[in-house]
There are 2 protein chains.
Amino acid sequence: MSVHACLFTFLSAVGTVQGGVEGVLDSFHRGAEIETDRVLVRVQDFTPEKADQLIWLRARVHTSRAKGKQCFLVLRQQQFNVQALVAVGDRASKQMVKFAANITKESIVDVEAFVRKVEQKIESCSQQDVELHIERIFVVSQAEARLPLQLEDAVRPDGEGEEEGRATVNQDTKLDNRVIDLRTTTSQAIFRLQSGVCMLFRDTLTKKGFVEIQTPKIISAASEGGANVFTVSYFKTSAYLAQSPQLYKQMCICADFDKVFCVGPVFRAEDSNTHRHLTEFVGLDIEMAFSYHYHEVIDSITDTMVQIFKGLRDNFQTEIQMVNKQFPSEPFKFLEPTLRLEYTEGLAMLHEAGVEMGDEEDLSTPNEKLLGRLVKEKYDTDFYVLDKYPLAVRPFYTMPDPNNPKYSNSYDMFMRGEEILSGAQRVHDAQLLTDRAIHHQIDLEKIKAYIDSFRYGAPPHGGGGIGLERVCMLYLGLHNIRQTSMFPRDPKRLTP
Amino acid sequence: MSVHACLFTFLSAVGTVQGGVEGVLDSFHRGAEIETDRVLVRVQDFTPEKADQLIWLRARVHTSRAKGKQCFLVLRQQQFNVQALVAVGDRASKQMVKFAANITKESIVDVEAFVRKVEQKIESCSQQDVELHIERIFVVSQAEARLPLQLEDAVRPDGEGEEEGRATVNQDTKLDNRVIDLRTTTSQAIFRLQSGVCMLFRDTLTKKGFVEIQTPKIISAASEGGANVFTVSYFKTSAYLAQSPQLYKQMCICADFDKVFCVGPVFRAEDSNTHRHLTEFVGLDIEMAFSYHYHEVIDSITDTMVQIFKGLRDNFQTEIQMVNKQFPSEPFKFLEPTLRLEYTEGLAMLHEAGVEMGDEEDLSTPNEKLLGRLVKEKYDTDFYVLDKYPLAVRPFYTMPDPNNPKYSNSYDMFMRGEEILSGAQRVHDAQLLTDRAIHHQIDLEKIKAYIDSFRYGAPPHGGGGIGLERVCMLYLGLHNIRQTSMFPRDPKRLTP
């Protein structure tokens, strides 16, 4: 097959009343000199105002159905679709109808067509008031006839159509064929919303005077002793993948950047095969110096979350509704200002509900979820902060509570009863940090560089790290984090 | 040392006329209940309008100089600084002046002071019209007496003050002590500008309808045959670090996201010890479907670069001037629309300048630089595109030029004669891609998943990847990429 013929795989694609193929090939294939003035119209712009116009459209063949001398196509662009029709008559031959009927699903086609108003709304399409009467049709890129999964199966709500024997697609099949699964309205909506979360996160913090930083992912030492860390071959030595940007965020604070954030991958070599763990995820990280009280940090983070929730509610309703069609959930509720409970208050609520656990014990996942439900009942919010965790269950660099050595100036944040952020005021004094590391039996040699960062003047500071995929999953009320990671990584999945 | 005493390392910090220490400790240490209403004023806000006000300030001791019964301090916040004075008199004892004089450089202090107008401008400070008359001073965090480098040495232009025996700081010392080096006005400016580049990149693309995506960094196969790739231990198997997000960007295009971008780390296991190579850098990546011609992609990318250049020119002049003080350079020039030359035109200019090289030969780094100078002379621009590279020097997935099989629909972009982006129209047809891979003798089994991505309908598309650190280095006219990477990674450096 020659390069020329291949360029747009047009050769198998000729189905036209008037043989416009060469003209089209021409405008595609020429170099810099010739460009076409043809304008492609977007599917969402097909409204009655366009009636009787002759337009060009590039779209996927979503479905095609021949019926006597006609072929009905549904043409799709992302979440939008429109009905199109080729009928034997003045403009189309029997051969052309047959050609159109044989175009494989998911192929990309260019069509020239008249926009026509319809009398009865087309309920199955996003563009309900018009259809396209096709004059010419070309295949730009042909899909293989056998698709590994059907889009309509992949968006079917669990249980729906079971009696009729309609299939749903299991998650591994979806992920194995992600390039097709991502075309579904549900996936398109999820990842557009995810893009929105990142934008809202950064815009809010930029307005608050934060500076974006880039931190290295290949690091020479694992700061918390080397557990759960991936090893990398690095020329003649070995290195690790960063479990969090924390050290680097803190160094930036010690280097006078005052308030910083970063968005980037975080790596955890945990063999956790759960609905909410990934081995690689995207961290939305914040660190800031504060003036007098670490609650200044909590307030900055919770306000950022509130701005994200508001931005999603106000600008991503279409996406939220789209996901809800397949995965129904209650709208996400939040308070302003954010509810902040102390750990002891949370424990008291759990005790009252019959849970037996000690004062300095960490929350188990079931207890976190239960507490989330109790908080929702009592305060009507899906988002809250649990403050002042027991010192014993937090990392060595956590600032102890000056008023009660059993507790610490640390906090977790929860959405729908699941943790999305862990954070704390950090110890900024090299001597106290050394003492705490010794208490935790950490090898001082391995964290020397970390401790040394605080020897040349360090302001009091705190921060936290938010899991992007968890925020998206829990905001949308989904039940598996693989739905909100485009190409998820877990102990059993490294592809695609 | 008790936790309480350590919390703000206040104990060594008591130097006050009126013993206000306990009050301060109090407001720092209490929990949620008590917060101070003290307002900290920022250094840049010390102007004559504040004259005679009693204010609080937290800042670093930049320099301190005792002179008889007085001690002059320069207090610094990021790039701003102000002169402050403690003098023996009604409000300050001899002990207090001595205490102030002994505060180590880079310590963080809280001072209560009157703002006073000065008669003669203080040329050495950013706040030239006022000074602070200190009433009380507390050390919030004490720096060790011996600093690994002096900030004033680290910002000294090369060669300046050599006769007086003044030191400059070599780059390894700076990088080894990055937490101090990042405090210099030069570093502060560089990384604030870098943050701006990322913001401008994303904002421009978001306005153009691009969607931000997150791509995995741990991958199961090295797409280009496994050269220059870092290996990661992944549970019981091994994996690689992504050399670029290209496959994933392309999958998103095949999955109907239409136009995508991502910002994230890119890993190259090249043993290149040059001024412009890093083993880990930040990629600003773009991929988009186009309608009729891959120049639509070039136009989107060059317009994005132009928006970045304009945004920097218009909003980051302070930072640019700050860097120029230490590293003088010509202002960065660009044209609108961007200059696009074909490879053969570039070659002709080089031939004319006496360079001997073949038509299908790649440009060497010296020839790239020479061509950059020739282009600057002829067109007065520091930014241009070189289009239609010889097919032979580009990767297998590059779309051949349909008009001339010796060339390809690919391009590089240059700033000040150095490459900052490499990109191309990609082959979107599985069969042609297979043919091209065979031609390049690539093991088809290893790239099966990649090729399969194009089997279910793929639109014509192209893109490119921009190196963030290179853009910052070349825009600012710097000469080493380690200056624009906060924590650079190269074959010899993995720390801090």
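Our structure's up above, just so we're on the same page.
In short, a report on the structure. Predicted model, so just to flag it, every value in this text is computed and none were measured.

Here we take up the sheet that holds strand β16 (residues 418-426) of chain A. Residue and element names in this part refer to chain A. Taken together, the eight strands give an open sheet; going across it, the order is β7-β11-β12-β17-β16-β15-β14-β13, and neighbouring strands pair in mixed fashion. In this open sheet, the two edge strands, each paired with only one partner strand, are β7 (211-212) and β13 (339-342). Where strand β15 (residues 410-415) and β16 come together, six bridges link them in antiparallel fashion. Residue pairing across strands places M413 opposite L421, the latter belonging to β16.

Attention now goes to the relation of the copies chain A and chain B. Each copy of the sequence occupies a distinct position, and chain A is placed on chain B by a rotation of 180° and an axial shift of 0.0 Å, giving an RMSD of 0.0 Å. In symmetry terms, the pair is related by a two-fold rotation axis. When each C-alpha of chain A is compared by its distance to the rotation axis, V232 of chain A comes out closest, at 2.2 Å.

Inspection of the secondary structure assignment puts Q77 of chain B in strand β3 (residues 70-77). Not counting the four nearest positions on each side in its chain, Q77 of chain B is found in contact with V41, R42, V43, Q44, L57, R58 and A59 of chain B.

Quick look at the packing of helix α9 (residues 295-315) of chain A against helix α10 (residues 317-326) of chain A now. Residue and element names in this part refer to chain A. Packing of α9 against α10 brings their axes to within 5 Å, and their N-to-C directions diverge by 80°. Accordingly, the angle class assigned to the pair α9 and α10 is roughly perpendicular. Of the residues in α10, those touching α9 at L312, R313 and N315 are Q317, E319 and I320.

What follows covers the pattern of salt bridges. Residue and element names in this part refer to chain B. Under the defined criterion, the tally for this structure stands at 73 salt bridges over all chains. Note that R60 is salt-bridged to E106, the shortest N-O span being 3.9 Å. Here E106 lies in the loop between α3 (94-101) and β5 (108-117) and R60 lies in strand β2 (residues 54-67), a separation of 46 residues in the sequence. In this structure, the salt-bridge partner of D129 is K121, at a minimum N-O distance of 2.9 Å.

In this assembly, 115 residues from chain A lie in contact with 115 residues from chain B. Summed over both partners, the interface of chain A with chain B comes to about 9,800 Å²; 62% of that surface belongs to carbon and sulfur atoms. Close ionic contact of R60 of chain B with D256 of chain A constitutes a salt bridge, the shortest N to O distance being 2.8 Å. Linking chain A with chain B are 48 residue pairs in polar contact (both at pLDDT 80 or more).

The rules behind each value
Residues numbered from 1 in each chain as written. Chains lettered and ligands numbered in written order. Predicted model: local features only at pLDDT ≥ 70, side-chain atom pairs only at ≥ 80, totals over all residues. Heavy atoms only, no water. Pairing = 2+ DSSP bridges. Helix = DSSP H or I, 4+ residues; strand = E, 2+ residues; numbered from the N terminus. Least-squares fit on C-alpha atoms with pLDDT ≥ 70 in both. Contact = heavy atoms within 4.5 Å. Axes fitted to C-alpha atoms, helices over the stretch in contact; angles between N-to-C directions. Parallel < 35°, antiparallel > 145°, perpendicular 65-115°, else oblique. Salt bridge = Lys/Arg side-chain N within 4 Å of Asp/Glu carboxyl O. Buried area = accessible area lost by both parts, 1.4 Å probe. Polar contact = N/O pair within 3.5 Å; in protein donor to acceptor, adjacent residues only side chain to side chain.

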